[in-house]
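Each chain is listed here by its residues.
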Amino acid sequence: MTESDERSDEARQTFEYFSNEYAQALHAFKAIEDQSTTLMLLGVADDLRGFVDQFIEMSTRTKRLAEEKNEPHFAEWFGELIEKAAEALRGAIPKR
């Protein structure tokens, strides 16, 4: 295997990794968004806040890794998810 082939293989693996991470993050965001009203009606806003905080923490770690791996598009997309979670989800959760 040539050095070029190894780099191509590594680039493909990196792309697959971030594609999968992004798909999972989108799925998690949608699930939190879909369940947020129900959780608030059940009186478990603290649990919802915890889910949102975990989502933001996970997405922030993945965004940093994308930046380290020189994947600016994935870093940007994770940044947008983080903003959406902070604005839409955190903003909808009532304070104690």
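Placed above this text is the structure.
Residues numbered from 1 in each chain as written. Predicted model: local features only at pLDDT ≥ 70, side-chain atom pairs only at ≥ 80, totals over all residues. Heavy atoms only, no water.

If you tally the helices and strands in the protein, you get three helices and zero strands. Along the protein, helices and strands appear, N-terminal first, in the series α-α-α. Out of the 96 residues belonging to the protein, those deemed buried represent 28%. Partitioning the contacts of the protein with sequence separation of at least 6, the portion at a separation of at least 24 is 73%. Carbon together with sulfur atoms contributes 51% to the accessible area of the protein, which is approximately 6,700 Å² in total. (Helix = DSSP H or I, 4+ residues; strand = E, 2+ residues; numbered from the N terminus. Buried < 20%, exposed > 50% of the residue type's maximum accessible area, 1.4 Å probe, protein only. Contact = heavy atoms within 4.5 Å. Areas by Shrake-Rupley, 256 points an atom, 1.4 Å probe, with all protein chains shown as cover.)

This part takes up unusual backbone geometry. Notably, Asn70 is not glycine yet its phi reads approximately 55°, a positive angle. Relative to the helices and strands, Asn70 resides in the loop between helix H2 (45-68) and helix H3 (72-92).

Of all hydrophobic cores here, the largest spans 13 residues; its most connected members are Phe55, Ile56 and Leu81. Elements with a contribution of two residues or more to this core: helix H1 (3-41), H2 and H3. Top contributing element to this core by residue count: H1, with five residues. (Core = buried A, V, L, I, M, F, W, Y, C linked by side-chain atoms within 4.5 Å.)

Right, let's get into the packing of aromatic side chains. Scanning the entire structure with this criterion turns up seven aromatic pairs. Between Tyr17 and Phe18 the ring centres are 5.1 Å apart and the planes differ by 75°, which places this aromatic pair in the edge-to-face class. Look at Phe18 and you get buried, because its relative accessible area is 1%. Seen in terms of ring centroids, Tyr22 and Trp77 are 5.8 Å apart; in terms of plane orientation they differ by 45°. Their pairing is tilted. Of this pair, Tyr22 sits in helix H1 while Trp77 sits in helix H3, placing them 55 residues apart in sequence. Trp77 sits in the partly exposed class, given a relative accessible area of 34%. These aromatic residues form a ring-pair network of at least three members: Phe15, Tyr17, Phe18, Tyr22, Phe74, Trp77 and Phe78. (Phe/Tyr/Trp six-rings, centres within 6.5 Å; stacked < 30°, edge-to-face > 60°.)

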